[in-house]
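# Overview (structure and organization)
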Amino acid sequence: MATQTITNKETSIKVTETISGSEAIVRCLIEEGTEIIYGYPGGAIMPVYDELFKYQDKIHHVLSRHEQGATHSAQGYARISGKVGVAIATSGPGATNLITGIADAQIDSTPMVCITGQVFSHLLGSDAFQETDIVGISTPVTKWNCQVTKAEDIPAVMAKAFFIAKSGRPGPVLVDVTKDAQLEKLDFSYEKCTKVRSYNPIPKTDLASLEDASRLINSAKKPLIVWGQGVILSQAEEVLKSVIEKSGIPAAWTILGASAIPTSHPLNVGMVGMHGNYAPNKLTNECDVLIAIGMRFDDRVTGTLATYAKQAKVIHFEIDPAEIDKNVKTDVAVLGDAKTNLDLLLPLLNENTHSDWCHKFTELYNIEYDKVIKHDLYPSTKGIRMAEVLKEINIQSKGNAAIVTDVGQHQMIACRYAEFNKTKSNITSGGLGTMGFGLPAAIGAKMAAPEREVVSISGDGGYQMTIQELGTIFQQKAAVKVVVLNNDFLGMVRQWQELFFDRRYASTEMINPNFVAIAEGYYIKAKKVTKREELADAVAEMMASKEAYFLEVCVEKEGNVFPMIPTGASVSDIRLE
């Protein structure tokens, strides 16, 4: 332990140790329960790496192949474990390479602590070698950040960083430590942070708002629940399920809320948003009460706000007061932790079925099935469709795999067609839409949950943005199953060019390398599928492997993802073709 306490009837004495600032950073991580960190060494962070070498029996450092990969791996680790992910890098380009992952974590509310080295404090502002103002650069995309120039400040700053990252609405924190602060000595003791002045991470529940919400819900004839990642972050999955089942309300999910409730649940009516399901999108503009739980009314969910749910009373369960009325006007705001508030709401709800209203969802699902789903899963075309790959993964995994996706058409197909039986099974980049997220995030997810089957699904475009992380998979012996759905296009952009730019495929066609040879160059088993009759056996072989496995599936070059809400259109204008 970092401190020892000698206790008798009369005294309680805290004994400190004199250690370096760099050792203090490592000891702080240990005190916070950190077991794995992702990073890349360099001059300004070298003292910390020297201490990590000494403490490698306590903390496992993963050498990512790029600092962006380190942040995405830390995100994947955090998303599947519920713990704080940790990434570390040197100053200058090492620090700036973290920014994309930090921004991704900020908009998707992922708890992460990033530690960067910095030049000696007397060189700050002098444009020294590999100096950048990473605190200034990261301020817009962090929940909190801080630069440390004195070793004695390290314990308190690190404790505050972890508390802020994981409390309330989670998010990324950056701690920048000058090299002299890493080398200086301090009298070290550690105390976890439990509060920060004027920071109120969880608003106090207003019981009156819960009563108002229950009255609206109980009197509703056509209510609709839309839940987001806030349900997963607050561990409210079971109580949400109870609320849905008691009230009989059909419930839909945002992309980051996927897997909180099993896909097969009869009241789970699918995904809302641009490529979501037909019924929940259309009926958003017919419901009389819309209950939003742990979601932020992103523009990809709402379409044009001018026509979004104008007929409905809106109840918003939300932990962050800044989200209330930001995009959609709320009739009843229920602030606070989702699990706490749903536990309080449950006894206030009447038993109900809403059978006629639920039947409308079934009718619209059948329309979507006939026009879209049937042709995605059981196509008559020669080329393999992306949904067929998900169908085979579902069969082999029995819906228990964690699916980690990149960004693009494959992401929408995976969210639409993956079967989820367990929570924290859909790990993707939601708000920022970061291509390159999938492969490194899958590494973090697999290392956090080695007992789970983790499948990374990417397109040929996003995959090549972080393809070097195959080296991390090989070195760490992480048994990630890597699937690339290759259509030789930047597929999502190409789809828009087809539909809205008269098929002018400007800079979207890809001339790709031999993906199998690259995977084999990293000593990873690999296979390429070009024919439908090869697909089932290849997926079965991949899923049966005890080691990492790479599978390239050549899919239709000009396959599209439907339904689709065109940009700026109403959710009522969702297209099936």
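Residues numbered from 1 in each chain as written. Predicted model: local features only at pLDDT ≥ 70, side-chain atom pairs only at ≥ 80, totals over all residues. Heavy atoms only, no water.

## Considering the sheet that holds strand S20 (residues 481-486)
Sheet strands line up and pair through hydrogen bonds in the backbone, either parallel or antiparallel. Taking strand neighbours across the sheet as the criterion, the six strands line up as S18-S17-S19-S20-S22-S21 in an open arrangement whose pairing is parallel. One side of each edge strand has no neighbouring strand; the edge strands of this open sheet are strand S18 (426-427) and strand S21 (525-529). Bridge count between strand S17 (residues 402-405) and strand S19 (residues 454-459): four bridges; the pairing is parallel. Its bridge partner being in S19, Thr405 is matched across the sheet by Ile457. (Pairing = 2+ DSSP bridges. Helix = DSSP H or I, 4+ residues; strand = E, 2+ residues; numbered from the N terminus.)

## Let's talk about the packing of aromatic side chains
In this description, an aromatic ring pair is defined by two values, namely the gap between the centres and the angle between the planes. Here the structure, examined in full by the defined rule, presents 10 aromatic pairs. For the ring pair Tyr463 and Phe515, a centre distance of 5.6 Å and an interplane angle of 70 degrees mean the geometry is edge-to-face. Of this pair, Tyr463 sits in helix H19 (residues 460-463) while Phe515 sits in helix H22 (residues 515-521), and the two are 52 residues apart along the sequence. For the pair shown, Tyr463 and Phe515 are each scored as buried. Where Tyr463 meets Phe550, the ring centres are 5.7 Å apart and the plane angle is 25 degrees; that geometry is what we call stacked. Here the residue Tyr463 occupies a position in helix H19, and Phe550 occupies one in strand S22 (residues 549-554), the gap between them amounting to 87 residues. As far as the burial class goes, Tyr463 and Phe550 line up, both buried. One aromatic cluster is present, formed by Tyr463, Phe515 and Phe550 through successive ring pairs. In this structure, Arg494 is placed above the aromatic ring of Phe489, and the distance from its NZ or CZ to the ring centre is 5.8 Å. (Phe/Tyr/Trp six-rings, centres within 6.5 Å; stacked < 30°, edge-to-face > 60°. Buried < 20%, exposed > 50% of the residue type's maximum accessible area, 1.4 Å probe, protein only. Lys NZ or Arg CZ within 6 Å of the ring centre and 35° of its normal.)

## A closer look at the environment of Asn350
On the secondary structure map, Asn350 appears in the loop between helix H14 (338-345) and helix H15 (355-377). The spacing of Asn350 and Ile30 is 320 residues in sequence and 48 Å in space, taken between C-alpha atoms. Setting aside residues up to four positions removed in sequence, Asn350 forms contacts with Asn218, Lys246 and Ser247. (Contact = heavy atoms within 4.5 Å.)

## Observations concerning the nonpolar core
Trp227, Leu290 and Ile315 are the most contacted members of the largest nonpolar core, which totals 100 residues. Considering every element that reaches this core, the biggest residue donor is H15, with seven residues. Look past the residues within four positions of Ile315 in its chain and what remains in contact with it is Ala213, Leu216, Ile217, Val289, Leu290, Ile291, Ala292, Val332 and Val334. In terms of nonpolar packing, the next biggest core, distinct from the first, is built from 47 residues, Ala89, Ile99, Met447 and Val484 among them. (Core = buried A, V, L, I, M, F, W, Y, C linked by side-chain atoms within 4.5 Å.)

## Digging into helix H9 (residues 207-219)
With 13 residues, H9 extends 19 Å between its outermost C-alpha atoms, agreeing within 8% with the 18 Å of an ideal straight helix rising 1.5 Å per residue. Among all positions in H9, only Ser209, Leu210, Ala213, Ser214, Leu216 and Ile217 are buried. One face of H9 carries all of its buried residues, which in axial projection span an arc of 165 degrees. The outward face of H9, more than 90 degrees from its buried face, is lined by the exposed residues Leu207 and Arg215. As for H9, its buried residues are in contact with strand S14 (289-293), strand S15 (313-318), strand S16 (332-335) and H14. (Expected span 1.5 Å × (residues − 1). Arc of directions from axis to C-beta.)

## Some points on unusual backbone geometry
Of note, the amide linkage connecting Phe562 to Pro563 takes the cis form, showing an omega dihedral of 0 degrees. Relative to the helices and strands, Pro563 is located in the segment after S22. Even without being a glycine, Arg503 presents a positive backbone phi close to 60 degrees. Judged by relative accessible area, Arg503 falls into the partly exposed class, the value being 49%.

## Some remarks on the packing of helix H16 (residues 386-397) against helix H23 (residues 532-544)
For any two helices packed against each other, one specifies the inter-axial angle together with the distance between the axes. Where H16 contacts H23, the two axes come as close as 9 Å, and the packing angle between them is 40 degrees. Accordingly, the angle class assigned to the pair H16 and H23 is oblique. Crossing hand, H16 versus H23: right-handed. Taking contact as the criterion, the partners of Glu388, Val389, Glu392, Ile393, Gln396 and Ser397 in H16 are, on H23, Arg532, Leu535, Ala536, Val539, Ala540 and Met543. (Axes fitted to C-alpha atoms, helices over the stretch in contact; angles between N-to-C directions. Parallel < 35°, antiparallel > 145°, perpendicular 65-115°, else oblique. Left-handed = near helix turned anticlockwise from the far one by under 90°.)

## Brief notes about the sheet that holds strand S6 (residues 85-89)
Across the sheet, which stays open at both edges, the six strands sit in the order S5-S4-S6-S7-S9-S8 with parallel pairing between neighbours. Of all strands in the sheet, those bounded by a partner on one side alone are strand S5 (60-63) and strand S8 (144-148). Direction aside, neighbouring strands of the sheet carry axes that sit 20 degrees apart on average. Here strand S7 (residues 112-118) pairs with strand S9 (residues 172-178) via seven bridges, running parallel. Bridging from a neighbouring strand, Gln118 pairs with Thr178 of S9. Contacting strand S4 (36-39), S6 and S7, helix H3 (residues 67-81) runs over the sheet at an angle of about 170 degrees to S6.

## Focus: the environment of Val231
Among the structural elements, Val231 can be located in helix H10 (residues 230-233). The class for Val231 is buried, based on a relative accessible area of 0%. Val231 sits 26 residues away from Gly257 along the chain, and the two C-alpha atoms are 7.1 Å apart. Aside from chain neighbours lying at most four places away, what touches Val231 is Ala236, Glu237, Leu240, Ala260 and Ile293.

## Comments concerning the side chain of Ser64
Inspection of the secondary structure assignment puts Ser64 in the loop between S5 and H3. For Ser64, the contacting residues outside a window of four places in its chain are Tyr38, Gly39, Tyr40, Gly69, Ala70, Glu469 and Thr472.

## A short note on the pairing of S21
For S21 and S22, the ladder comprises five bridges, and the chain directions are parallel. By the bridge assignment, Val529 is partnered in S22 with Val553. Taken together, S21, H23 and S22 form a β-α-β motif whose crossover is right-handed. (Right-handed = clockwise from strand over helix to strand, strands pointing away.)

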